[in-house]
Amino acid sequence: MSVLREAGARVDATGPGFRPDRAPAGGAGRPAAGVAAPAAQVRSWDPQAHPVPTGREEAWRFTPLRPLRALINGQEPDGKIDISVSAPAGVEVEQLPTDSPRVGRVLTPADRVAAFATERATGALAVTVPAEQDLAEPVVVRLRGDGGVCYGHVVVEVGPFARATVVLDHTGTATYSGNVEVHVGHGASVAFVSLQDWEDDAIHAGAHAFSLGRDARLRVTHVTLGGRLVRLCPTVDYRGPGGDAELAGLFFTDAGQHQEHRLLVTHTERGCRSRVTYKGALQGAEAHAVWIGDVVIGPDAVGTDTYEINRNLVLTDGARADSVPNLEILTGEVVGAGHASATGRFDDEALFYLMSRGIPADEARRLVVRGFFSEVLDRVEVPALRERVLAAVDDELAAVGA
Amino acid sequence: MKVTYPVSTLEIRNLHVSVETDGEGPREILRGVDLTVRTGETHAIMGPNGSGKSTLSYSIAGHPKYTVTEGSILLDGEDVLAMSVDARARVGIFLAMQYPVEVPGVSVSNFLRTSATAVRGEAPKLRLWVKEVKEAMATLGMDPSFADRGVNEGFSGGEKKRHEILQMTLLKPRFAILDETDSGLDVDALRVVSDGINAVRAAGNTGTLLITHYTRILRYVRPDFVHVMAGGRIVDSGGPELAATLEETGYDRYVKAEAAA
C-alpha cells in the first residue's frame, strides 16, 4: 500500500511516523508490498543505517568512489553554496529546519550520500506554489558553489491545479551533496529543470525525488555539462491514478568527467504514464557517462504506459558510455512497457552529406550534435536557458577542435 | 531573355580510384576514366552494376572512403582533388545521392538555409528565401510541412529523391551528378523529379552527369552524350542513339569485352 496518497498527504505529513526509520510502525515510504525496488535495499534517513559502498554494489559499480569520499563519510561542511531565488509573485520561498515535517514527504534516502546531505544541511529551502496558481515566469533557484564540502536540501511543493516551471541552476565549484524533493499536487503541471553547469572540478551528488498526485503532469529535464563527477539519482513515484511523468536528460561528457544519471520510476498506481529520454554526447579520454533506467510496474499498477530510452553519441576514441535499462513488470495489464538503449559513433556519412552541401566540417558537426540533442532541448520552455545550453554545447564541440 | 553564362568545364583525366576492402587491402574500382563535361551539357553514364558508376560520383564529390591513386579532376583548371568536400560544393559541384543520409533532429528548412548560405557565400534574404523554397517545393509536388521534418528522417524513397532535386534547384550547381536518381521511383514520381532536373538544366548554367542503370529516365531527361562504363573505364561513347541501342542489346557485350581484356 502506498501511504502518501494525495488526499492524505498533507495531514499524514504533519504527524510523526512520516519517516519510516523514525517510527517504523508507520511503514510509510517503504516500497509498496510486492514491489522490489532494485536500486535500494535500505531506505533510511539515518546515514549509519546505510552500508559504506565498496564499489562492488550494483548501485555503485560504475562510480569512482574516491572523489565522493567526503560525501560518503559525511565530512563536516567547510564550503559554501550561495543560493539566490527569483520567483514570481504568489510563490512562497522560505527556509525550513531539516527536521521539519515538510522535509521528507517525497524522498527517503537510498544511500549514505543522500542521508548525509539532509543531515548535514543547515536547512532546507522550500519553494511553495499555492493551489491553482498559474505562474507566467519560471522560479529560478541559483546555486553557486564557492569551493569546499557542502550540503543542501530543496523542497518544491506545487499545489493542486497549479502550473509552474522551476529551474535549479548549479554553477561554480563545490563538493556538493544536494537532495531535491518535488511534489506535484493533484491536477497540477510542473516543468522542472536541473542544470549542472559546474566548473570542471566540481563534485555533485544528488537524490532528486519526484512524486505526482492524481492526474498530475511532470516534465523533468536534467542538463549535465560540467563537473568532474556528477551523480544524480532521480526517482518518480505516483500517489494517485492518472499521473504523467516525462523525464529527459542531456549530458555532454568531456575528457576526465564522470556523469551518471540513475533513474528509478516506480509505478504503483493505475493508469499512469512515464517516459524517460536521456541523450549524451561524449568526447575525450576517460570521458565516462553512466545511465541506469529502472522502471518497476507493481501488481496494482494496471494500465501503466512506460517507455525509456538512452542514446549516446561517442564523438572521439577513449570515451565510454555505460547504459543499463531495467524493466520489472508485476502486472499483466499494461498499456505499454518498453525500453531501448543505443550507443553509437558519430555518423561520418551524415557529416559527408552535410559537407557535400557546402557546409564546413565544424558547422556540420555542430548541426548533427544539435540535432541529436534537439529532442531533449526543444522541451525546455525557457528560451534563455535553451540558448545557454546550446551555446555551451557549441563551446564543448569547439574545444575539441572538431 | 536568355542569359548566357561563361562556360565552365569539368575535366576528368585518367582517374584511378581504390577502396579499402575488409582484410584484402585496397581494391581498384576506377581504372582510368576520361570525361569532359561543360555547363549546359547533359551526359548520361550507363553501365552494369559494379562497373564503377557510383564510385565515379563519390570520387568527384570527395567521399573519404575512396582514394584517388592516379589522374586528375579539374574544374576550369582548378584542382578539385585538392579541395575538401565542402569546398567542392562551394565551387559548384553537387551530388544527388542514391541513398541520401538521415540527419535526425536537423530540420529540412534549417539544413537548406545553412547549405544555401554556405554555397552562396551569404545568408539569403529571409523573405525571398521563404518564397524561393516554397516555389521549388511546389514544383516538386512537396507538401510545405516537409520543411519541418528531420533531414531524410523517415522519408520514403520518392521523398528522398525529391529532396535531393530540391537541393539541386536551390543550390544551382555548375555541375550536378545525379547518382541513380531514378531508382526507387514510380512513373509519376520519375516525371516530377525529371521536370525538376530539366528546370535546372534549362537555366543553361549547369552541366549534368546523369548516372543510371536504366534508359527509362533518359526519355524525360534527354542527354546530349551517352557513355558506357564497364570494368572501371568508359568503354563507349555516343549520342542519344547509343541509349536506344543499349535498350536493345544490354551491357553483355561490354562486360564480355572487359572480361576478355
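Residues numbered from 1 in each chain as written. Chains lettered and ligands numbered in written order. Predicted model: local features only at pLDDT ≥ 70, side-chain atom pairs only at ≥ 80, totals over all residues.

A. Broad picture of the overall build of chain A. Summing up its helical and strand segments, chain A has 6 helices and 16 strands in all. Burial analysis of chain A (402 residues in total) assigns 53% to the buried set. If you take every contact in chain A between residues at least 6 apart in sequence, the share linking residues at least 24 apart comes to 83%. (Helix = DSSP H or I, 4+ residues; strand = E, 2+ residues; numbered from the N terminus. Buried ≥ 20, exposed ≤ 12 C-beta atoms within 10 Å, placed from the backbone. Contact = placed C-beta atoms within 7 Å.)

B. Region of the structure containing the overall build of chain B. For chain B, the helix and strand inventory stands at 8 helices and 12 strands. Taken along its principal axes, the extent of the C-alpha atoms in chain B is 60 × 40 × 40 Å. Counting every position in chain B, which comprises 261 residues, the buried fraction comes to 43%. Counting contacts in chain B only where the partners sit at least 6 residues apart, residues at least 24 apart contribute 73% of the total.

C. View of the confidence of the model for chain A. Averaged over all residues, the pLDDT of chain A is 90; the fraction at 70 or higher stands at 89%. Of the regions scoring below 50 in pLDDT, residues 1-40 of chain A engages in 80 contacts with residues more than four places distant in sequence or in other chains. (pLDDT = per-residue confidence, 0-100.)

D. Focus on the interface of chain B and chain A. Listed as interface residues are 19 residues of chain B and, on the opposing side, 18 residues of chain A. Of all the secondary-structure elements, those providing two or more residues to the side of chain B that touches chain A are α2 (85-90), β7 (103-107) and α3 (108-120) of chain B. A per-class count over the side of chain B that touches chain A returns 11 nonpolar, 6 polar and 2 charged. (Nonpolar A, V, L, I, M, F, W, Y, C, P; charged D, E, K, R; others polar.)

E. Structural view of helix α3 (residues 112-120) of chain A. Residues and elements named next belong to chain A. By the criterion of burial, α3 is predominantly enclosed, with 8 of the 9 residues buried. Residues R112, V113, A114, A115, F116, A117, T118 and R120 constitute the buried set of α3. Close packing links the buried residues of α3 with α2 (69-72), β4 (139-158), β5 (163-184) and β7 (203-212).

F. Focus on unusual backbone geometry. Residues and elements named next belong to chain A. Unusually for a residue other than glycine, F161 sits at a positive phi of about 60 degrees. In this structure, F161 sits in the loop between β4 and β5. Positive phi, close to 55 degrees, is recorded for D215, a residue that is not glycine. Among the structural elements, D215 can be located in the loop between β7 and β8 (217-224). Accessibility expressed as a C-beta count within 10 Å gives 20 for D215, which makes it buried.

G. Here's a closer look at the sheet that holds strand β5 (residues 78-79) of chain B. Residues and elements named next belong to chain B. Pairing is antiparallel across the open sheet formed by 4 strands, whose spatial order is β2-β1-β4-β5. Where the open sheet ends on each side, the last strands, each with one partner, are β2 (25-38) and β5. Of the pairings in the sheet, the one linking strand β4 (residues 66-75) to β5 comprises 2 bridges and is antiparallel in character. Across the sheet, L74 pairs through a bridge with D79, a residue of β5. (Pairing = 2+ DSSP bridges.)

H. Local environment of helix α6 (residues 383-399) of chain A. Residues and elements named next belong to chain A. Taking 1.5 Å per residue, 17 residues should reach 24 Å; α6 reaches 24 Å between its end C-alpha atoms and fits that length. For α6, the set of buried residues is L385, V389, V393, E396 and L397. Angular distribution of buried residues about the axis of α6 spans 115 degrees; they occupy a single face of the element. Residues of α6 that are exposed and point more than 90 degrees away from the buried face comprise P383, A384, E387, A391, D395, A398 and A399. Tucked inside the fold, the buried residues of α6 contact β5, β6 (189-196), β8, β10 (244-253) and α5 (361-377). (Expected span 1.5 Å × (residues − 1). Arc of directions from axis to C-beta.)

I. Spotlight on the pairing of strand β12 (residues 233-238) of chain B. Residues and elements named next belong to chain B. Where strand β11 (residues 225-230) and β12 come together, 5 bridges link them in antiparallel fashion. What sits directly across from M229, in β12, is I234. The turn linking β11 back onto β12 is made up of 2 residues, and G231 within it adopts a positive phi angle of 55 degrees.

J. Looking closely at the environment of B:S183. Residue and element names in this part refer to chain B. Its place among the elements puts S183 in the loop between β9 (175-179) and α6 (187-202). We classify S183 as partly exposed; it has 15 C-beta atoms within 10 Å. Once the C-alpha coordinates of S183 and I217 are considered, the two residues, 34 residues apart in sequence, prove to be 9.5 Å apart.

K. Representation of the packing of α3(B) against helix α5 (residues 157-171) of chain B in the model. Residues and elements named next belong to chain B. At their nearest, the axes of α3 and α5 sit 10 Å apart, and the two run at 35 degrees to each other. Both α3 and α5 take part in a crossing whose hand is right-handed. Contacts from V108, L112, S115, A116 and V119 of α3 reach α5 at H163, Q167, L170 and L171. Taken together, the residues of the contact of α3 with α5 sort by class into 6 nonpolar, 3 polar and no charged. (Axes fitted to C-alpha atoms, helices over the stretch in contact; angles between N-to-C directions. Left-handed = near helix turned anticlockwise from the far one by under 90°.)

L. Fine view of the environment of B:Q98. Residues and elements named next belong to chain B. Tracing the backbone through its elements, the reader meets Q98 in the loop between β6 (93-96) and β7. On the basis of neighbour count, Q98 is assigned to the buried category, with 20 C-beta atoms found within 10 Å. Here the alpha-carbon distance between Q98 and L178, two residues 80 residues apart in the chain, equals 7.9 Å. Residues within four places of Q98 in sequence aside, it is in contact with S54, D179, E180 and S183.

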